[in-house]
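Listed below are the residues making up each chain.
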Amino acid sequence: MDIPSVQISVIVPIFNGALYINEAIKSLLSQEIDNLEILIIDDGSTDNFESQLDCFGDPRLQIIKQVNSGAAEARNNGIRKARGEFIAFLDADDIWAPNKLKIQLEQIRGCKDVNMVYCHVKEFYDESINGYNEVQKGVKTFKGYSPIALLISKKDFLRVGYFQSKWKVAEFIDWYDRAKSAGLSEIMLPDVLAFRRIHSGNIGRMNRPNANQYLAVLKESLDRKRNQHY
């Protein structure tokens, strides 16, 4: 049997994300690119999120299970399985604009010296947030230096290396710093193409015990740059 070619592999780590995964998958299946594979990496979920996917019946959806190991290792697992020339990441509680991948692919194809294409990200608040109507006034749009805003070739990603699973809240900051040290170039598109959901499960993430890892990542980055000069 012929295996269809894949241009972009989208990696979706999920841990007990039944509440939001339906919207995330809808935004993926609405992308203006056909030859996708969507790798949903189940990081030891216990909420039967798979039942939310039964209605789609789309062969591009694949669920890959792993023992609970964290988002970094879930993404790494997806990268290992990815068949696409390019890879992108979407968290199970976030969504994309329908033209996200098309615009980014055109940019990375059209600029041979560019390795990474990012886009702007807009936050939106879920109704689970206390004072939902009031917090809407504080919605932010920002440059998306985050996994959900990135498109990169698998080859270039592997030049940098996998996410370090020892980092629980700052793994992308560490990876991005290593990418710049490796000489990868980037474009930051002005378009808002990714939307980050703020909900009761992630609003307090900076207060989690692992928040001090941001400082540890910064120290490791400074040490790495110092050693490069010796």
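Residues numbered from 1 in each chain as written. Predicted model: local features only at pLDDT ≥ 70, side-chain atom pairs only at ≥ 80, totals over all residues. Heavy atoms only, no water.

J.: So what about the environment of Lys 140? Which residues, and what values?
T.: The residue Lys 140 is located in the loop between α4 (132-135) and β7 (141-143) in this model. The spatial distance from the C-alpha of Lys 140 to the C-alpha of Phe 124 is 8.0 Å, given a sequence separation of 16 residues. Setting aside chain neighbours within four positions, we find Lys 140 in contact with Val 121, Lys 122 and Glu 123. (Helix = DSSP H or I, 4+ residues; strand = E, 2+ residues; numbered from the N terminus. Contact = heavy atoms within 4.5 Å.)

J.: Requested: an account of the pairing of strand β9 (residues 186-198), with residues and values cited.
T.: Across two bridges, the pairing between strand β5 (residues 95-96) and β9 is antiparallel. Note on β9: the bridge partner recorded for Trp 96 is Ala 194. Pairing analysis gives nine bridges linking strand β6 (residues 116-125) to β9, with the strands arranged parallel. Directly across from Tyr 118, in β9, lies its bridge partner Met 188. (Pairing = 2+ DSSP bridges.)

J.: If you had to explain the pairing of strand β2 (residues 36-43) to someone new, which residues and values would you point to?
T.: The buried count for β2 comes to eight of eight residues, which makes it a mostly enclosed element. Residues Leu 36, Ile 38, Ile 40 and Asp 42 of β2 are buried on one face, and the alternating residues Glu 37, Leu 39, Ile 41 and Asp 43, pointing to the opposite face, are buried as well. Of the pairings in the sheet, the one linking strand β1 (residues 8-14) to β2 comprises seven bridges and is parallel in character. Residue pairing in the sheet places Ile 14 in a bridge with Asp 42 of β2. Of the pairings in the sheet, the one linking β2 to strand β3 (residues 61-66) comprises six bridges and is parallel in character. In the strand pairing of β3, Leu 39 is matched with Gln 62. (Buried < 20%, exposed > 50% of the residue type's maximum accessible area, 1.4 Å probe, protein only.)

J.: An account of helix α2 (residues 71-81) is needed here, citing residue identities and associated values.
T.: Across the eleven residues of α2, eight count as buried, placing the element largely inside the fold. Within the sequence span of α2, burial applies to Ala 72, Glu 73, Ala 74, Arg 75, Asn 76, Asn 77, Gly 78 and Ile 79. In this fold, the buried residues of α2 make contact with β1, β2, β3, β4 (86-89), α5 (154-160) and α6 (171-181).

J.: Can you tell me about helix α1 (residues 21-29), naming the residues and giving the values?
T.: The α-helix advances 3.6 residues per turn, and as a result positions three or four apart in sequence lie on the same side. For α1, the full list of buried residues reads Ile 21, Asn 22, Ala 24, Ile 25, Ser 27 and Leu 28. Considering only its buried residues, α1 is in contact with β1, β2, β3 and β5.

J.: Pulling in residues and values, what's your account of unusual backbone geometry?
T.: In this model, Asn 16 sits at a positive phi of 50 degrees, which is unusual for a non-glycine residue. Within the secondary structure, Asn 16 is located in the loop between β1 and α1. On the basis of relative accessible area, Asn 16 is assigned to the partly exposed category, the value being 31%. Unusually for a residue other than glycine, Asn 48 sits at a positive phi of about 55 degrees. Relative to the helices and strands, Asn 48 is located in the loop between β2 and β3.

J.: Before we move on, can you summarise the pattern of salt bridges with the specific residues and values?
T.: A pair can form between side chains of opposite charge whenever their charged atoms are brought close. By the definition in use, this model includes 13 salt bridges. Glu 50 is the partner of Lys 65 in a salt bridge, and the nearest nitrogen-oxygen pair spans 2.5 Å. Here the residue Lys 65 occupies a position in strand β3, and Glu 50 occupies one in the loop between β2 and β3, the gap between them amounting to 15 residues. By relative accessible area, Lys 65 is classed as exposed at 55%. A salt bridge links Lys 180 to Glu 186; the shortest N-O distance between them is 3.3 Å. A relative accessible area of 38% means that Lys 180 is categorised as partly exposed. Among the ionic contacts, a cluster of salt bridges with common partners joins Glu 23, Asp 126 and Arg 197. (Salt bridge = Lys/Arg side-chain N within 4 Å of Asp/Glu carboxyl O.)

Treat this as a map of the structure, not an account of what it does.
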